[in-house]
Amino acid sequence: MKAFLVAVAAALVLATAASFLLAENQRFAYQAFATSGARVSDPGNNLVGPRWTGDIKDPGQGGHHKAETGS
Amino acid sequence: MRRLTSIALLAATLALAAPAVAQVRAPDGAPNPTASSVNEEMLFKQDPKIHGRISIPNATAANLIQPQGREWRQFRESWLPWIGGLVVLGMLAALGLFYFTRGRIRLEHSEESGKKILRFNAFERFSHWMTASCFIVLSLSGLNYIFGKRLLMPLIGPEAFATLAQYGKYAHIYLAWPFMLGVLFMLVLWVRDNIPGKIDWIWLKQGGGLLGDAHPSAGRFNAGQKMVFWMVVGFGLAMGATGIMMIFPFAATDINGMQIMQVIHSLIGVVFIAGILAHIYIGSLGMEGAYDAMGSGEVDLAWAKVHHDLWVKEQQAKTASGPQLGRGQVPAE
C-alpha cells in the first residue's frame, strides 16, 4: 500500500512538473504567429474584445452590442 | 502544309469538344456557368494538397485541404469506435466467460502455506504502481477521445462533457511522462528475467496451467508474464513515441504524418487496454494469491512453489549461501 501511495504521489509530482515544462515551451497562437503586418486572434485586442462570449441573443443587434461592451 | 494539318486537327478537336461543353447544364436545362469553373477535383489533379500563400509565420496554416485528412476522419469517426469497442468489450466478454467456466484459480495449500517469500522489492512495486496508475487514467481519458462524445455527452450534457474532456486531455498529456518513465524503470528492472527460453515454450504448450490442473515449471516470470512484459515495453515505447509526435505538432512530421501517428497510437492503445485488462484479471480476481506479489511484495511460499518453482529454488539457493531477504522478512525455508 505504501509503495502504491508513493507511486501515485510521484506520478502527480512528475505530471505537474511536465505541465510547467510544456507550458514553458508553448505560446499562444497570437503570440507565436503575429507579425507587424498580421494580427492573429489576440483576445485582448481583437475586434470584439476579451469579454465577447459569442452568445448572440438577438441576431439583429446582438453582435454590435456585444462588440461595444466587450472592448 | 504541316501548319495547315495542325490547324485542321485543332478545329476537329474543338468541334468534338463543343457538344460536351454545351451539354453541361443545370437540371432545368439552363446553362450552368459554374460547371466549368475550377473545382476541388481539378485542383487535386494538379497537386496532392490544396494550399496557398499566407502572411503569418505558420507555414502549416497555408494548407487548406489535404485529401488524406478525409481518410483519417473516416477512420477516426467510423472505424476506430468499432475496432475499439470490439477489442475492449471482446476482451471483457472473454474474461467473463473464462471466469464463469474456469473459475478462480485457488491457492493450493501445503505444509509451506503461511510462509512468505519476497517477490518484488519496494522499488519494483513503486515502478509498477506508478506505471499502472498512470495507465488507468491514460486509458480512461484515451477512451474518452473515442467514445466520450457518443456515450458520455448524452448522459451528462455538453457543458459537463466539455469540462471533463478538457481535464481528461490535461491528464492524458501530463501523466504520459511518469508513465513513460515507469515503463523505462520496469524495462531496466525486469528485462533480465524476461528473456524468452525453452521453458517458456513448454509452459505455453501446457496452457500455462490455466486450462487444466497442471502446473508447468517457470522461473521468476512465466511465459504469460513475459508476454505481458514485452507488450508493456513495446506498446509503451510505441505509445510514447507516437504520443510525443502529437504533443509537439509538426516538430517531426507533417499533418499526414501526425494523422498516421494518431491512427497507430489509437490502435495500439485499444489493444494495450485489452491486454492490460487480462493482466489485471489474472493478477487479482483470476488467481488467488497473485495480488500479494504487487500488494505487500511477499507471496505465499506454497503459491510460489506451484507457479514459479524454478525461481523459488534459485532464491532458496541464494538464501543458503547468504541472506537475500530484507529486514523483518521470514526466510523461505
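Keep in mind the model is a prediction, meaning the values are calculated, not measured.

Scoring rules and cut-offs
- Residues numbered from 1 in each chain as written.
- Chains lettered and ligands numbered in written order.
- Predicted model: local features only at pLDDT ≥ 70, side-chain atom pairs only at ≥ 80, totals over all residues.
- Heavy atoms only, no water.
- Helix = DSSP H or I, 4+ residues; strand = E, 2+ residues; numbered from the N terminus.
- Buried < 20%, exposed > 50% of the residue type's maximum accessible area, 1.4 Å probe, protein only.
- Areas by Shrake-Rupley, 256 points an atom, 1.4 Å probe, with all protein chains shown as cover.
- Patch = residues over 30% accessible without salt bridge, like charges linked within 9 Å, V, L, I, M, F, W, Y side chains within 5 Å.
- Salt bridge = Lys/Arg side-chain N within 4 Å of Asp/Glu carboxyl O.
- 1 Å grid on protein atoms, 1.4 Å probe; cavity = no way out; pocket = protein on both sides within 12 Å on 5 of 7 lines; lining within 4 Å.
- Points joined across faces, edges and corners; volume = space filled by probe spheres on them.
- Nonpolar A, V, L, I, M, F, W, Y, C, P; charged D, E, K, R; others polar.
- Axes fitted to C-alpha atoms, helices over the stretch in contact; angles between N-to-C directions.
- Parallel < 35°, antiparallel > 145°, perpendicular 65-115°, else oblique.
- UniProt positions renumbered as here; feature names shortened; annotations may be inferred.
- Contact = heavy atoms within 4.5 Å.
- Buried area = accessible area lost by both parts, 1.4 Å probe.
- Polar contact = N/O pair within 3.5 Å; in protein donor to acceptor, adjacent residues only side chain to side chain.
- Phe/Tyr/Trp six-rings, centres within 6.5 Å; stacked < 30°, edge-to-face > 60°.
- Lys NZ or Arg CZ within 6 Å of the ring centre and 35° of its normal.
- Core = buried A, V, L, I, M, F, W, Y, C linked by side-chain atoms within 4.5 Å.

Asker: How should the overall build of chain B be read in this particular structure?
Answerer: Helices and strands together make up the secondary structure of chain B, namely 11 helices and 4 strands. Classification of the 333 residues of chain B by burial places 37% in the buried group.

Asker: I tried to follow the overall build of chain A on my own but got confused; where do I start?
Answerer: In terms of regular secondary structure, chain A is built from 3 helices and 0 strands. Going from the N terminus to the C terminus, chain A shows its helices and strands as α-α-α. Counting across all 71 residues of chain A, residues that qualify as buried make up 20%. Put simply, chain A shows about 5,400 Å² of open surface, and 60% of that area lies on carbon and sulfur atoms.

Asker: Explanation requested: a nonpolar patch on the surface in the structure shown.
Answerer: Residues Val 38, Met 42 and Leu 43 of chain B make up a contiguous nonpolar surface patch of roughly 260 Å² in combined accessible area. Looking at the element boundaries, Met 42 of chain B is found in helix H2 (residues 40-46).

Asker: In this structure, what is going on with empty space enclosed by the protein? I would like to understand it.
Answerer: To find leftover empty space, one rolls a probe the size of a water molecule over the atoms. All names here are of chain B. Following the criterion strictly, the structure yields 1 cavity of 30 Å³ or more and no others. If you add up the space inside the largest cavity, you get close to 30 Å³. Looking at the largest cavity, the residues that line it are Arg 106, Leu 107, Glu 108, Trp 303, Val 306 and His 307. Of the residues contributing to the lining of the largest cavity, the split by class is 3 nonpolar, 1 polar and 2 charged.

Asker: What is the right way to look at the packing of helix H3 (residues 68-102) of chain B against helix H8 (residues 255-283) of chain B in this model?
Answerer: Angle between the axes and distance between the axes: these two values describe a pair of packed helices. Residue and element names in this part refer to chain B. At a closest axis distance of 9 Å, the pairing of H3 and H8 adopts a crossing angle of 5°. Between H3 and H8, the angle falls in the class roughly parallel. Looking at the contact of H3 with H8 residue by residue, the classes come out as 20 nonpolar, 7 polar and 1 charged.

Asker: Just to check I follow, could you spell out the UniProt feature "transmembrane region" (unreviewed entry) in chain B for this structure?
Answerer: Residue and element names in this part refer to chain B. Sites flagged by UniProt as "transmembrane region" (unreviewed entry) map to residues 79-100, 126-147, 171-191, 228-251 and 263-282. Helix makes up 100% of residues 79-100 and strand 0%, with an end-to-end C-alpha separation of 31 Å. Between the end C-alpha atoms of residues 126-147 there is a gap of 31 Å, over a span that is 100% helix and 0% strand.

Asker: Mind showing me how you'd approach the UniProt feature "signal peptide" (unreviewed entry) in chain A here?
Answerer: UniProt records the feature "signal peptide" (unreviewed entry) at residues 1-23 of chain A, using the numbering of this structure. The span residues 1-23 of chain A carries 96% helix and 0% strand; its end-to-end C-alpha distance comes to 33 Å.

Asker: Sorry, what's going on with the interface of chain B and chain A here?
Answerer: Accessible area lost upon the coming together of the parts is a frequently used measure of interface size. Each partner contributes to the interface: chain B provides 20 residues, whereas chain A provides 18 residues. Both sides of the chain B and chain A interface together cover about 1,400 Å² of buried area, and 83% of this is carbon and sulfur. Where chain B packs against chain A, one counts 0 salt bridges. Where chain B packs against chain A, one counts 0 residue pairs in polar contact (both at pLDDT 80 or more). Residue assignment for the side of chain B that touches chain A shows that the elements contributing at least two residues are helix H4 (122-156) and helix H5 (158-190) of chain B. Element by element, the count of residues in the side of chain B that touches chain A is highest for H4 of chain B, at 7 residues.

Asker: Where do I start with the packing of aromatic side chains in this structure?
Answerer: The way to describe two aromatic rings as a pair is by their centre distance and the angle between their planes. Residues and elements named next belong to chain B. As enumerated under the stated definition, the model contains 17 aromatic pairs over all chains in all. Look at Tyr 99 and Phe 100: their rings are 5.3 Å apart centre to centre, the planes differ by 75°, and that puts the pair in the edge-to-face class. The ring of Trp 311 carries Arg 119 above its face, with NZ or CZ at 4.9 Å from the centroid.

Asker: Mind showing me how you'd approach the nonpolar core here?
Answerer: Looking at soluble globular proteins, one finds that nonpolar side chains tend to be buried together. Grouped together as the largest cluster of nonpolar side chains are 49 residues, with contacts concentrated most on Phe 179, Trp 190, Val 232, Phe 272, Trp 303 and Ala 304 of chain B. By residue number, the principal contributor to this core is H4 of chain B, which donates 10 residues.

Asker: Mind showing me how you'd approach the side chain of Ser 133 of chain B here?
Answerer: When you line up the elements, Ser 133 of chain B lands in helix H4. A polar contact is formed between the side chain of Ser 133 of chain B and the backbone oxygen of Met 130 of chain B, at a distance of 3.2 Å.

Asker: Looking at this model, I keep getting lost on the pattern of salt bridges. Mind explaining?
Answerer: Once their charged atoms are close, side chains differing in charge can pair, the charge on each being opposite to the other. Residue and element names in this part refer to chain B. Within the structure shown, the criterion is met by 5 salt bridges over all chains. Of the charged contacts, one joins Arg 150 and Glu 77 as a salt bridge, the two residues approaching to 3.1 Å between their closest N and O atoms. Separated by 73 residues along the polypeptide, Arg 150 in helix H4 and Glu 77 in helix H3 bring together distant segments of the chain. Arg 150 sits in the partly exposed class, given a relative accessible area of 29%. Residue Glu 77 is classed as partly exposed on the basis of its relative accessible area of 31%. Between Arg 220 and Glu 124 there is a salt bridge, and its shortest N-O distance comes to 3.0 Å. Of this pair, Arg 220 sits in the loop between helix H6 (198-205) and helix H7 (223-247) while Glu 124 sits in helix H4; the two residues are 96 residues apart in sequence, bridging distant segments of the chain.

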